[in-house]
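# Report on the structure
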Amino acid sequence: MGRVGQSGGFWLSFLLNLLLNWQWSIPGWLLLGLHLWLQIPVWWAVGGFALWILRILPGMWLMGWAARCSAGKDPPKENKNPYSKKST
């Protein structure tokens with residue numbers, strides 16, 4: 001069976017994973033709030049959000065690799081069904 005719509009699969013999956021794993025962004029939001037409140041460097045908040053993204057990407061790459069491994073092609077088989085054979 002052919003694949004449909006492969007053009008934006010990675011980015012759509014990435015955005016969906018970000019939405020489903022929003023709780024991993026909480027440290028980044030807290031650090032951003034501390035930046036606004038206590039004037040700590042904004043790089044701490046950037047680092048918190050980077051950890052959120054770096055937490056999601058390896059899992060996506062692992063799942064993509066596993067999907068490519070299981071998508072092997074079967075060799076053509078002899079048609080043994082007498083009703084579906086083409087008559088020449």
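Now for a description of the structure that goes with this document.

Rules used throughout
Residues numbered from 1 in each chain as written. Predicted model: local features only at pLDDT ≥ 70, side-chain atom pairs only at ≥ 80, totals over all residues. Heavy atoms only, no water. Helix = DSSP H or I, 4+ residues; strand = E, 2+ residues; numbered from the N terminus. Buried < 20%, exposed > 50% of the residue type's maximum accessible area, 1.4 Å probe, protein only. Contact = heavy atoms within 4.5 Å. Axes fitted to C-alpha atoms, helices over the stretch in contact; angles between N-to-C directions. Parallel < 35°, antiparallel > 145°, perpendicular 65-115°, else oblique. Left-handed = near helix turned anticlockwise from the far one by under 90°. Expected span 1.5 Å × (residues − 1). Patch = residues over 30% accessible without salt bridge, like charges linked within 9 Å, V, L, I, M, F, W, Y side chains within 5 Å. Areas by Shrake-Rupley, 256 points an atom, 1.4 Å probe, with all protein chains shown as cover. Salt bridge = Lys/Arg side-chain N within 4 Å of Asp/Glu carboxyl O.

## Considerations on the overall build of the protein
Along its length, the protein carries 3 helices and 0 strands. Along the protein, helices (α) and strands (β) appear in the sequence α-α-α when read from the amino end. Burial statistics for the protein: of 88 residues in total, 12% are counted as buried. For the protein, the proportion of contacts with a sequence separation of at least 24, taken over those separated by at least 6, is 63%.

## Digging into the side chain of Ser25
Mapping Ser25 onto the fold places it in the loop between helix H1 (9–20) and helix H2 (26–38). Not counting residues within four places of it along the chain, the set of residues in contact with Ser25 comprises Phe49 and Trp52.

## Points about the packing of H1 against helix H3 (residues 42–70)
Orientation of H1 relative to H3, taken along the N-to-C sense of each, is 130°, at an axis distance of 10 Å. The angle between H1 and H3 places the two elements in the oblique class. By crossing handedness, the relation of H1 to H3 is classed as right-handed. Taken together, the residues of H3 that come into contact with H1 (itself represented by Phe10, Ser13, Phe14, Asn17 and Leu18) are Trp52, Ile53, Ile56, Leu57, Met60 and Trp61.

## Here's the deal with unusual backbone geometry
A positive phi angle, near 60°, is found at Gln39, a position not held by glycine. Topologically, Gln39 is positioned in the loop between H2 and H3. What makes Gln39 exposed here is its relative accessible area of 60%.

## Here we look at H2
Residues spaced three or four apart along an α-helix point in a common direction, a consequence of the helix completing one turn every 3.6 residues. Relative to the 18 Å expected for 13 residues at 1.5 Å per residue, H2 spans 18 Å between its end C-alpha atoms, a close match to the ideal helical length. Note on H2: the residue one or two positions beyond its end, Gln39, has a positive phi of about 60°.

## So, a nonpolar patch on the surface
There is a patch of nonpolar side chains on the surface, built from Phe10, Trp11 and Trp61 and spanning about 400 Å² of accessible area. Note on placement: Phe10 falls in helix H1.

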